[in-house]
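# A structural walkthrough
Below are the chains, spelled out letter by letter.
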Amino acid sequence: MMLTEVAGDVLMPKLMSLIINEGVGELKDMGYIINTGIRMVLLAVVMMAGGVLGNYFAARASISFASDLRADVFRKVQGFSFKNIDKFSTGSLITRLTNDITQMQNVLRMALVMLLRSPGMLVGAFIMAITINARLALIIGIVTPILGFGIYFIMSKALPRFNIMQKKLDTLNTGIQENLTNIRVVKSFVRSDFEEEKFSAANTELRDNTVKALRIIICTMPLMTLMMNITTLAVVWFGGGFVIKGGMLVGDLIAFTTYITQILMSLMMLSMIILQGSRALASSRRVMEVLDTDSDITDDASMNKDAHVTQGSVEFKNVTFNYTDTGENDVLCDISFKIEPGETVGILGATGSGKTSLVQLIPRLYDADEGEILVDGINVKDYSLKNLRDGVGMVLQKNVLFSGTIMENLKWGDENATEEEIIESSEHAQAHGFVTAAPEGYERELGQGGVNVSGGQKQRLCIARALLKKPKILILDDSTSALDTATEARIRENFDTDLDSTTKIIIAQRITSVMDADKIIVLEDGRIIGMGNHTELMEISEEYRDIYYSQKEKEKAR
Ligand SMILES: Nc1ncnc2c1ncn2[C@@H]1O[C@H](COP(=O)(O)OP(=O)(O)O)[C@@H](O)[C@H]1O
Ligand SMILES: [Mg+2]
């Protein structure tokens, strides 16, 4: 399609010069003029068809390219570990998935339309110009290198600026994303003004940097036009001289000017593609960065893919862990303990003591830096991620529900769960009562993030969802904090009677939540400072006694 257009571009001025030189000049033949004119009209129609179809296919191809690429990047991100996502930040991932890919799509479309046409036109017009008048064509030889250098200069300036521009867009998107997902907190702390200021600062930065990047492009067009006009002038000046001396026909001069214009136009188009291309290059590097990042938690090929969690024992051996790559600031330090199948284990400790970090290592949401973690005597790294996570049910501290019905949300735990199973696990989690109290029951729609249930109801639904997985190891990370003590006690009772073969690891703030546990681990600053059951700890651990008595007094005061 593009070649049709190029052929048209190159032939059209030639036909015109024929009309002028032969039809008007020598022959004065109306028939010849009409004949050639008709050929020009036909050529124009063919060119138009080529143009329309070419543009259509280019648009289709580039849109499909973007959609395929988005799917690939999204799939990649789904496989990322928490550490990978922490590194990119969600806002930046969103920019890369949307704006950056759109940028690439636009340039691809442009390139598909012009990349063949402008070089084709350049070469074709150049050849035609030389055949008409080789000496005059020298002018082109002078102008082209100047333009080429200009384009190179512009591109080398533009690329870093486009990079900065996309980074600023990242910052803006991260801000928007954080603000919108936490809009309730923002409002309740009356931080809207502060947030607006923060947004406005990021927005201004983006604007200024975009202007900076565009300033280069803005200068390009007028400069190009100036070059074009000067060249045309030079051609007419020298060419006019040839015509007056009788060395050139008027029609040839007209055709020649058209070819010169075409050459310069195609150089301009090329420079536009290169400019836009440098922008897309910045974007494509950012997209490639995502595609080239390997999840740092993967199934490696050597391991025993068939292993399943069957018993539910957990053992930590001298585990050390931190979130940084530099190995400083250990969040967990030399942690060792063993949990037998079916045991209930409580973890106590101040906020920031490393409780969440500790349990996240069991289903490999993060990997330990030193030491090993064994589940059923097998290193967690030797399970396939699927089998390991199927065996470990975890209710995260910051857990969310998704938009959809309650039923749909619970089925995350087990897609094929029967209604009885769903009711059973809801009963165990003390959720059945309030769910059926509403007329829609399990068909009730939850808003985004589960906004239309209370904190305690959300926690109970999250527990029910985890129970549906029928995990061998159940981890509750502060998942009953919003429940009253009576409801919490009933859930604990249910656990004791109905989940006696499941290993339960319960992180809690209230000592009463873990008092009956077989074993309690007390954490402080990432170290275990006490381990044993309630009676033992009351005897041996001063810290445990302190927590116990201070909570008891508060209880009394109420
Ligand atoms: N994603 C993270 N990246 C970096 N540091 C983190 C991250 N999550 C937690 N931390 C740090 O690790 C320490 C332990 O946190 P955490 O395990 O959440 O404590 P707890 O659950 O006992 O309150 C804290 O000092 C916290 O600042
Ligand atoms: Mg925590």
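Note that the structure is a prediction, hence the values are computed from the model and not measured.

Within the chain, the secondary structure is distributed over 18 helices and 12 strands. A principal-axis box enclosing the C-alpha atoms of the chain has dimensions of 115 × 55 × 50 Å. Expressed as a percentage of the 558 residues in the chain, the buried residues total 33%. Taking contacts inside the chain between residues at least 6 apart in sequence as the whole, the part at least 24 apart equals 79%.

So, on to the packing of helix α5 (residues 117-132) against helix α9 (residues 250-292). Two numbers describe how α5 lies on α9: the axes approach to 8 Å, and their chain directions differ by 155°. Classified by the angle between their axes, α5 and α9 sit roughly antiparallel to one another. Two packed elements cross with a definite hand, and for α5 against α9 that hand is left-handed. Between α5 and α9, the residues in contact are S118, M121, L122, A125, F126, M128, A129 and I132 and D252, A255, F256, Y259, I260, Q262, I263, S266, L267, M269 and L270, respectively. Of the residues that constitute the contact of α5 with α9, the class distribution is 15 nonpolar, three polar and one charged.

Now for the site of ligand 1. Looking at ligand 1, the residues that line it are D86, Y323, V331, G349, T351, G352, S353, G354, K355, T356 and S357. Top element by residues in the shell around ligand 1 is helix α10 (residues 355-360). It accounts for three residues. In terms of residue class, the shell around ligand 1 is built from two nonpolar, seven polar and two charged.

Tracing the chain through its elements places L18 in helix α1 (residues 2-27). Taking the C-beta count within 10 Å as the criterion, L18 has 19 such neighbours and is therefore assigned partly exposed.

Let us now look at the sheet that holds strand β4 (residues 370-375). The strands that make up a sheet are held in pairs by hydrogen bonds between backbone atoms, and each pair lies either parallel or antiparallel. With respect to topology, four strands assemble into an open sheet ordered β2-β1-β4-β5, the strand pairing being antiparallel. Of all strands in the sheet, those with a lone pairing partner are β2 (332-339) and β5 (378-379), marking the two edges.

Bringing the domain arrangement of the chain into the picture now. Along its sequence, the chain is organised into domain 1 (2-292) and domain 2 (314-398 + 470-557). The centre of domain 1, based on its C-alpha atoms, is set 59 Å off from the matching centre of domain 2.

An order of β6-β9-β10-β3-β11-β12 is seen for the six strands of this open sheet, with the pairing classed as mixed. Edge positions in the sheet fall to β6 (392-395) and β12 (527-532), since each has one partner strand and no second. Across the sheet, the axes of successive neighbouring strands diverge by a mean angle of 15°, strand direction being ignored. Where strand β3 (residues 344-349) and strand β11 (residues 519-524) come together, five bridges link them in parallel fashion. Directly across from G349, in β11, lies its bridge partner L523. Each of β6 and β9 (473-477) touches helix α15 (residues 455-468); the most contacted strand, β6, lies at about 175° to it.

For a regular strand, the rule is simple: side chains alternate between the two faces of the sheet. Two elements, β11 and β12, share five bridges in a ladder whose sense is antiparallel. Paired with I521 across the strands is M531, a residue of β12. The hairpin turn running from β11 into β12, its antiparallel successor, is two residues long, and D525 in that turn takes a positive phi close to 45°.

Take unusual backbone geometry next. Phi at R364 is positive, roughly 60°, even though this residue is not glycine. Relative to the elements of secondary structure, R364 occurs in the loop between α10 and β4. Classification of R364 as buried rests on a count of 21 C-beta atoms within 10 Å. At Q430, a residue that is not glycine, the phi angle is positive and equals roughly 60°. By secondary structure assignment, the location of Q430 is in the loop between α13 (419-428) and α14 (432-437).

As for its placement among the helices and strands, A368 is situated in the loop between α10 and β4. A tally of 22 C-beta atoms within 10 Å means that A368 is categorised as buried. Counting along the chain gives 80 residues from A368 to Q448, while the straight-line C-alpha distance between them is 33 Å.

Turning our eyes to something else, we now look at α5. Taking 1.5 Å of rise per residue, 16 residues should cover 22 Å, and α5 covers 22 Å from first to last C-alpha, within 8% of that figure. Those residues of α5 that fall on the buried side of the exposure criterion are R117, S118, M121, L122, A125, F126, M128, A129 and I132. Contacts from the buried residues of α5 go to α1, α4 (90-114), α6 (138-181) and α9.

Moving on, we get to α15. For α15, built from 14 residues, the straight-helix expectation of 20 Å at 1.5 Å per residue is met to within 8% by its first-to-last C-alpha distance of 20 Å. With respect to burial, α15 is a largely interior element, 11 of its 14 residues being buried. Listing the buried residues of α15 in full gives K458, Q459, R460, L461, C462, I463, A464, R465, A466, L467 and L468. In the core, the buried residues of α15 are packed alongside β6, α12 (406-410), α13 and β9. Following α15 by one or two positions, K470 adopts a phi angle in the positive range, close to 50°.

What counts, and at which threshold
Note that residues are indexed from 1 along each chain, following the sequence as it is written. Going through the entries in the order they are written, you letter the chains from A and number the ligands from 1. With the structure being a predicted model, the display of local features is reserved for residues of pLDDT at least 70 and the display and counting of side-chain atom pairs for 80 or more, all residues being used for whole-chain, interface and lining totals. To qualify as a helix, a DSSP run of H or I must reach at least 4 residues; to qualify as a strand, a run of E must reach at least 2; elements of each kind are numbered from the N terminus. Labels follow a simple rule on C-beta atoms placed from the backbone: if 20 or more others lie within 10 Å of a residue's own, it is buried; if 12 or fewer, it is exposed; otherwise it is partly exposed. Contacts here follow a simple rule: the backbone-placed C-beta atoms of the two residues must lie within 7 Å. Axis definition: a line fitted to C-alpha atoms, limited for helices to the stretch in contact. Angles are taken between N-to-C directions and run from 0 to 180 degrees. Roughly parallel here means an angle under 35 degrees, roughly antiparallel means over 145, roughly perpendicular means 65 to 115, and every remaining angle is called oblique. Definitions for this section: a left-handed crossing has its near helix turned counterclockwise from the far helix by less than a right angle. A right-handed crossing has that turn clockwise. All residues other than Ala, Val, Leu, Ile, Met, Phe, Trp, Tyr, Cys, Pro, Asp, Glu, Lys and Arg, Gly among them, are scored as polar; the first ten of these are nonpolar and the last four charged. Near, as applied to residues and a molecule or strand, means the residue's backbone-placed C-beta atom lies within 6 Å of it. One requirement defines pairing of two strands: DSSP has to find at least two bridges between them. Throughout the structure description, domain borders are defined by an automatic or database domain assignment. Helix span, expected: 1.5 Å multiplied by one less than the number of residues in the helix.

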